[in-house]
Amino acid sequence: MRVVRAAVGVTGCVIALTAGAQSVRFDAGCSPQTPLFSSPYCAELVAVPDLPGARGVMQLTPVVSPFGIAVDSAGRQRQRLTLVIEGLPGPASLGPYTTYVAWAYSLSMDQEHRLGVVHAGRVQLGEMPASLVQFRVLVSAERDGRVASRGRGGKLVMRATSPSALLLAHRDVMTPFMAGGSGTMEHGEHSAHWPKPAPDPRITPTPGMAGMAPAVAPLLPSAPPTSSAKPREIVRLSSGDTLSLAASIVAKNVAGKRFLMYGYNGQIPGPLISVTKNAQIVVRFINGIDQPSTIHWHGVRLENRFDGTAHVTQEPVAPGDSFTYRVRFPDAGVYWYHPHVREDIQQDLGLYGNILVRAVHPNVHREEVLALDDLTLDSTGAQLPYGSDAPTHALMGRFGSLLLVNGEPSYALGVRRGEVVRFYLTNVANARLLNLTFHGAQVKLIGSDMGNFERESWTTHVTIAPAERYIVDARFSTPGRHAIVNHVQWLDHARGIYRDVADTLGFVQVSDAPAPTLSGARYDELRRDQNVSREMATLRRYVARPPDRTLTLGLKLKDVPPSMLAMLAGMSVPVDWNDGMPQMHWALTGREVTWTISDERGRENMAIDWRFKRGRVLKLRIKNRFDVAHAMAHPMHLHGQRFVVLARNGIPNETLGWKDTAVLPAGETMDLLVELTNPGRWMLHCHIAEHLGTGMMTVFAVDP
Ligand code: C2O
Ligand code: CU
């Protein structure tokens, strides 16, 4: 009961209904009255007309994944199915039947799966076949409950359609607006100056969007470059060392065009800083770009005044000025640094770098630190400009058309047969989530943002949201060339369908020469990290406690033309892997879109003024509303502290470890346990750069 209720992100009351012989408890978040499009996990089960007393719901519960997003290696949702039915008479009363059986079908009815025997009341039917991305469920009365698949032959009694199949095709939605359709953004004063975003041949262009342009002026780096971009260098630092990091405008060739970008010390990504745990270094930042900037040390529990948060911990550093940071690294793991001013521009143009903080050397042949990114091109293959005084792409964030690994469109690695490679992955993209498969490798999930999970696990894929990090070991046993691929489900909004999309990020070439055997534990063994285990053991008791505080994620729109609003209706999915309407989403700016975080008292964003005592452990629940004009998954990041994701949708998380960023799919709920150990004023925000840039942030204080 508890599990199913929480699965739709609602912990409110339960409605008891009585009809006929059976009385069933429907859940307030998923009952036959639940409005359409209000949850990605709830749909009405409709009875055939000659069974007027019967009704019910189909509830889907995302499986718990270490990545917080329940998908398989193809990016298809993994969810368990529960049917709640009331008022269904005994099957024998309908004819020569003994049993009710539930079946799942693809929308075209060319796939049929027998789900199991059902009856009035609550029946759990296990995990749905992932191949059914959009599906229908039928319940039939059968002579024999053991009927095999392909065997539905009895009377049809009830049916439901998956929420994923309720996406409206735009060709339908647009029709009434095609004739008159003018809106404030269509002939903006700046539209003549904007190049168009590159169309993607894999999605159908949305009709009626041709005249759209953002209502802000286009912006790209103005000054001439000081150098051409160099690849990242590794900088090993010891406690007390000083590093100069100068941000400057650089020229970089990307896919045959010359781009003006930003680099730290002329490098994209910026220098990889390698330190040992508990080191403290000094970083002298020199701002040589044409915008004010700062450096934020993402995930590092440092002294508050060096956090680099513009207008919260420091004033932005003006072009030509400098600022000195003192950075201490109390936790092993992989971190990153980036500006905390107009991330949608500065980070996207190349201002990001990694920090590897070590406690012990891992037992692997090789380590690779990969920053995963994307870049948005215009229709000529040149750079698509940014919004001058407000971000463009404010609704979905700027999904790039070109995937990058460490700043390059193609990644290549050569290894020997049997080599174990430790990959430290960071998603530095503005908005795009990735679902990576290392083909040809046996992959072990080791850790995330702030060090190891309490135990290792095997995985077929790595799902990573903006600003998150995952650490995986991959053993390449088979000689040959193996691809690293982003396998996801793209939405084609114009058609109202999903599509398998695979984007290759690079290749690992495995030679015939064998790698030397590693000493220590065998690769096949899954190890436990005793220290993390001990820490997590003390936190588990919080799972059952009610949350101390609750935040709700939402969205506000203003001055959006009715034709656009119409297209947003019913378009939300738990996770967007692509921008299915690039023309329209590009044109929406921070002027029209405000993303919100609100507390229990209804205060929003920077108006929330939470204060906590240092040393306290805070159980924070975050709910992500689905019933807004365009719900999205939000990677939520907390500065200066660490947390664990205790539970999702009321179900305990089995893969515990310290994190600073956790993604929350639309329509879901997560419970974080935050250790408030570091005094100061810290930000909590969504890490989609355009959501942060349109208000989705707050500040909380930890008193000394
Ligand atoms: Cu990675 Cu507030 O930032
Ligand atoms: Cu967001």
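Conventions and cut-offs
- Residues numbered from 1 in each chain as written.
- Chains lettered and ligands numbered in written order.
- Predicted model: local features only at pLDDT ≥ 70, side-chain atom pairs only at ≥ 80, totals over all residues.
- Heavy atoms only, no water.
- Helix = DSSP H or I, 4+ residues; strand = E, 2+ residues; numbered from the N terminus.
- Rg over C-alpha atoms; globule rule 2.2 N^0.38 Å.
- Buried < 20%, exposed > 50% of the residue type's maximum accessible area, 1.4 Å probe, protein only.
- Contact = heavy atoms within 4.5 Å.
- Areas by Shrake-Rupley, 256 points an atom, 1.4 Å probe, with all protein chains shown as cover.
- Pairing = 2+ DSSP bridges.
- Axes fitted to C-alpha atoms, helices over the stretch in contact; angles between N-to-C directions.
- Donors = N, O, S within 2.8 Å, 3.2 Å for Na, K, Ca; no water.
- 1 Å grid on protein atoms, 1.4 Å probe; cavity = no way out; pocket = protein on both sides within 12 Å on 5 of 7 lines; lining within 4 Å.
- Points joined across faces, edges and corners; volume = space filled by probe spheres on them.
- Nonpolar A, V, L, I, M, F, W, Y, C, P; charged D, E, K, R; others polar.
- Phe/Tyr/Trp six-rings, centres within 6.5 Å; stacked < 30°, edge-to-face > 60°.
- Lys NZ or Arg CZ within 6 Å of the ring centre and 35° of its normal.
- Core = buried A, V, L, I, M, F, W, Y, C linked by side-chain atoms within 4.5 Å.
- Domains from an automatic or database assignment.
- Salt bridge = Lys/Arg side-chain N within 4 Å of Asp/Glu carboxyl O.
- Polar contact = N/O pair within 3.5 Å; in protein donor to acceptor, adjacent residues only side chain to side chain.
- pLDDT = per-residue confidence, 0-100.

1. Some remarks on the overall build of the protein chain
Phase 1 of the analysis: When helices and strands are tallied, the protein chain shows seven helices and 44 strands.
Phase 2 of the analysis: Taken over C-alpha atoms, the radius of gyration comes to 26 Å for the protein chain, in line with the 27 Å a tight globule of 704 residues would show.
Phase 3 of the analysis: Once the C-alpha set of the protein chain is aligned to its principal axes, its extents read approximately 85 × 65 × 55 Å.
Phase 4 of the analysis: When each of the 704 residues of the protein chain is scored for burial, the buried share is 61%.
Phase 5 of the analysis: At a minimum sequence separation of 6, the contacts of the protein chain that also span at least 24 residues come to 77%.
Phase 6 of the analysis: Put simply, the protein chain shows about 25,400 Å² of open surface, and 52% of that area lies on carbon and sulfur atoms.

2. Points about the sheet that holds strand S25 (residues 411–417)
Phase 1 of the analysis: Sheet architecture is open: five strands sit in the order S25-S33-S32-S27-S30, paired in mixed fashion. Two strands bound the open sheet, and with one partner strand each, they are S25 and strand S30 (462–464). When the angles between neighbouring strand axes are averaged without regard to direction, this sheet yields 25°.
Phase 2 of the analysis: Taken together, the three bridges between strand S27 (residues 434–438) and strand S32 (residues 480–492) define a ladder with antiparallel strand orientation. Directly across from Leu436, in S32, lies its bridge partner Asn486.

3. Digging into the coordination of the copper ion (ligand 2)
Phase 1 of the analysis: Only His634 (ND1), Cys686 (SG) and His691 (ND1) from the protein reach the copper ion (ligand 2) as donors, at distances of 2.0 to 2.1 Å.
Phase 2 of the analysis: Donor residues for the copper ion (ligand 2), ordered by position in the chain, follow H-x51-C-x4-H. One end of the pair, His634, is in strand S38 (residues 634–638); the other, Cys686, is in strand S43 (residues 680–686), and 52 residues separate them in sequence. Each member of the pair, His634 as well as Cys686, is classed as buried.

4. With respect to the layout of surface pockets
Phase 1 of the analysis: By volume, the largest pocket is sized at about 730 Å³.
Phase 2 of the analysis: Along its surface, the largest pocket is lined by 30 residues, and Ala332, Ala359, Val360, Asn452 and Asp529 are the ones closest to its centre.
Phase 3 of the analysis: When contributions to the lining of the largest pocket are tallied by element, the ones reaching two or more residues are strand S21 (353–358), strand S26 (419–427), strand S29 (451–459) and helix H4 (530–539).
Phase 4 of the analysis: A per-element tally of the lining of the largest pocket places S29 first, with four residues.
Phase 5 of the analysis: In the lining of the largest pocket, the residues fall into 14 nonpolar, six polar and 10 charged.
Phase 6 of the analysis: The space that makes up the second largest pocket amounts to roughly 400 Å³.

5. Considerations on the sheet that holds S26
Phase 1 of the analysis: Ordered in space as S24-S22-S26-S31-S28-S29, the six strands form an open sheet in which the pairing is mixed. Where the open sheet ends on each side, the last strands, each with one partner, are strand S24 (402–405) and S29. On average, each strand axis in the sheet is tilted by 25° relative to the strand beside it, whichever way the strands run.
Phase 2 of the analysis: Of the pairings in the sheet, the one linking strand S22 (residues 366–375) to S26 comprises seven bridges and is parallel in character. Looking at S26, one finds that Ala371 is bridged to Thr426.

6. Quick word on the packing of aromatic side chains
Phase 1 of the analysis: Tallying each qualifying case throughout the model produces 11 aromatic pairs.
Phase 2 of the analysis: In this structure, Arg398 is placed above the aromatic ring of Tyr386, and the distance from its NZ or CZ to the ring centre is 3.8 Å.
Phase 3 of the analysis: Geometry around Tyr542 places Arg545 over its ring, the cationic atom sitting 4.4 Å from the centre.

7. A short note on empty space enclosed by the protein
Phase 1 of the analysis: Throughout the structure, instances matching the rule amount to four cavities of 30 Å³ or more.
Phase 2 of the analysis: The space that makes up the largest cavity amounts to roughly 340 Å³.
Phase 3 of the analysis: If you trace the largest cavity, you find 34 residues lining it, with Tyr41, Ala70, Val71, Gln77 and Pro574 closest to the centre.
Phase 4 of the analysis: Its residues assigned to classes, the lining of the largest cavity shows 21 nonpolar, nine polar and four charged.

8. Structural notes on unusual backbone geometry
Phase 1 of the analysis: For the bond from Ile268 to Pro269, the omega torsion is -10°, close enough to zero to count as cis.
Phase 2 of the analysis: Mapped onto the fold, Pro269 is located in the loop between strand S15 (257–264) and strand S16 (272–276).
Phase 3 of the analysis: Positive phi values are uncommon outside glycine, yet Asn406 reaches one of about 50°.
Phase 4 of the analysis: Take Asn406: it is sitting in the loop between S24 and S25.

9. Some details on the nonpolar core
Phase 1 of the analysis: Ile273, Val275, Trp297, Val327, Ile355 and Phe700 are the most contacted members of the largest nonpolar core, which has 107 residues in total.
Phase 2 of the analysis: Here this core gets six residues from one element, more than from any other, and that element is strand S14 (residues 242–254).
Phase 3 of the analysis: Built from parts of two domains, this core gets at least three residues from each of domain 3 (225–361) and domain 4 (540–703).
Phase 4 of the analysis: Excluding residues that lie within four positions of it along the chain, Ile355 makes contacts with Leu272, Ile273, Val275, Trp297, Val300, Phe329, Gly333, Val334, Tyr335, Trp336 and Tyr337.

10. Details of the pattern of salt bridges
Phase 1 of the analysis: Enumeration over the complete set of coordinates arrives at 42 salt bridges.
Phase 2 of the analysis: Here Glu675 and Arg301 are joined by a salt bridge, their closest N and O atoms 3.3 Å apart. Of the two residues, Glu675 sits in strand S42 (residues 669–675) while Arg301 sits in the loop between strand S18 (296–298) and strand S19 (322–328), which places them 374 residues apart along the sequence.
Phase 3 of the analysis: Of the residues examined, Arg301 reaches a relative accessible area of 11% and is grouped as buried.

11. Observations regarding the pairing of strand S33 (residues 497–514)
Phase 1 of the analysis: Bridge count for S25 against S33 is six bridges, and the pairing is parallel. Its bridge partner being in S33, Leu413 is matched across the sheet by Val508.
Phase 2 of the analysis: Two strands pair when backbone bridges link them, and S32 and S33 are joined in this way by 13 bridges, in the antiparallel orientation. Residue Arg481 lies in a different strand from S33, and its bridge partner there is Gln509.
Phase 3 of the analysis: Between S32 and S33, which pair antiparallel in sequence order, lie four residues; one of them, Gly496, sits at a positive phi of approximately 70°.

12. Focus: the side chain of Asp671
Phase 1 of the analysis: Along the polypeptide, Asp671 turns up in strand S42.
Phase 2 of the analysis: The class of Asp671 is buried, set by a relative accessible area of 4%.
Phase 3 of the analysis: At a separation of 2.7 Å, a polar atom in the side chain of Asp671 contacts the side chain of Arg621.
Phase 4 of the analysis: In contact with Asp671, other than residues within four places in its own chain, are Lys619, Leu620, Arg621, Val644, Val645, Leu646 and Ala647.

13. A closer look at the confidence of the model for the protein chain
A low pLDDT means the predicted coordinates there should not be read in detail.
Phase 1 of the analysis: Put simply, the protein chain has an average pLDDT of 91, and 93% of its residues get 70 or more.
Phase 2 of the analysis: Long-range and interchain partners of residues 1–22, a stretch whose pLDDT sits below 50, account for 63 contacts in this model, where long-range means more than four residues apart.

14. Here's the deal with the environment of Leu349
Phase 1 of the analysis: Tracing the backbone shows Leu349 in the loop between helix H3 (343–346) and S21.
Phase 2 of the analysis: In this structure the C-alpha to C-alpha distance between Leu349 and Met261, which are 88 residues apart in sequence, comes to 4.9 Å.
Phase 3 of the analysis: Once residues lying within four places of it in the same chain are set aside, the contact partners of Leu349 are Pro221, Leu260, Met261, Tyr262, Ile268, Gln383 and Tyr386.

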